[in-house]
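Topology and contacts: notes
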Amino acid sequence: MPPRRLPVLAVVPVLALGLSACGSSIGEDELESQVAGTLESRFGVAAGVSCPGDLEAEVDATTECTATDIGTGEEVVLRITVTSVEDDTAEFDIAPVD
């Protein structure tokens with residue numbers, strides 16, 4: 001059986017909770033956890049995710065995170081884009097960087 005590979009993602013909408021106390025950003029740890037959880041739940045791929053820092057909780061704010069397939073070591077760079085912010089909840093999309 002061939003190893004499972006990181007999926008070729010289209011844009012995947014995600015709900016992220018846990019904005020910082022002042023409500024201005026999604027914490028780096030929370031962002032990494034949400035992205036990894038999405039890859040696991042939607043695609044069945046366990047991946048370690050590394051992001052360069054917090055993501056501003058503003059519509060159209062972006063960052064790029066690296067997902068590494070735990071089984072194969074394959075890496076994929078993902079662009080995370082905030083699509084909406086309401087109270088202490090931000091929604092964002094995940095898309096592969098070409």
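Structure: above.
A brief report on the enclosed structure follows. (Residues numbered from 1 in each chain as written. Predicted model: local features only at pLDDT ≥ 70, side-chain atom pairs only at ≥ 80, totals over all residues. Heavy atoms only, no water.)

Attention shifts here to the state of the cysteines. Note: disulfide means a covalent bond formed between the sulfur atoms of two cysteine side chains. A complete count under the given rule lists one disulfide for this structure. The residue that forms a disulfide with cysteine 51 is cysteine 65, at a sulfur-sulfur distance of 2.0 Å. Across the S-S bond linking cysteine 51 and cysteine 65, the dihedral sits near 110°, which makes this disulfide right-handed. Taken together, the residues cysteine 51 in the loop between strand E3 (47-50) and strand E4 (55-56) and cysteine 65 in strand E5 (residues 62-69) connect sequence positions 14 residues apart. (Disulfide = S-S within 2.5 Å. Helix = DSSP H or I, 4+ residues; strand = E, 2+ residues; numbered from the N terminus.)

This part is about the pattern of salt bridges. Under the criterion given, the structure shown has one salt bridge. The residue glutamate 64 makes a salt bridge to arginine 79 at a minimum N-O spacing of 2.8 Å. Taken together, the residues glutamate 64 in strand E5 and arginine 79 in strand E6 (residues 75-86) connect sequence positions 15 residues apart. What makes glutamate 64 partly exposed here is its relative accessible area of 39%. (Salt bridge = Lys/Arg side-chain N within 4 Å of Asp/Glu carboxyl O. Buried < 20%, exposed > 50% of the residue type's maximum accessible area, 1.4 Å probe, protein only.)

It is worth spelling out the nonpolar core at this point. Core analysis: the biggest nonpolar cluster contains 19 residues, and Leu31, Val35, Val49, Leu78 and Ile80 have the highest contact counts within it. For this core, the elements supplying multiple residues, two or more each, are helix H1 (28-43), E3, E5, E6 and strand E7 (89-96). (Core = buried A, V, L, I, M, F, W, Y, C linked by side-chain atoms within 4.5 Å.)

With that settled, the discussion passes to the environment of alanine 57. You can see alanine 57 is positioned in the loop between E4 and E5. Residue classification places alanine 57 among the buried residues on the basis of a relative accessible area of 11%.

Looking at the secondary structure, you find glutamate 58 in the loop between E4 and E5. Remark: the alpha-carbon pair of glutamate 58 and valine 82, spanning 24 residues in sequence, is separated by 6.5 Å. Not counting chain neighbours up to four residues away, the residues in contact with glutamate 58 comprise Val82 and Val85. (Contact = heavy atoms within 4.5 Å.)

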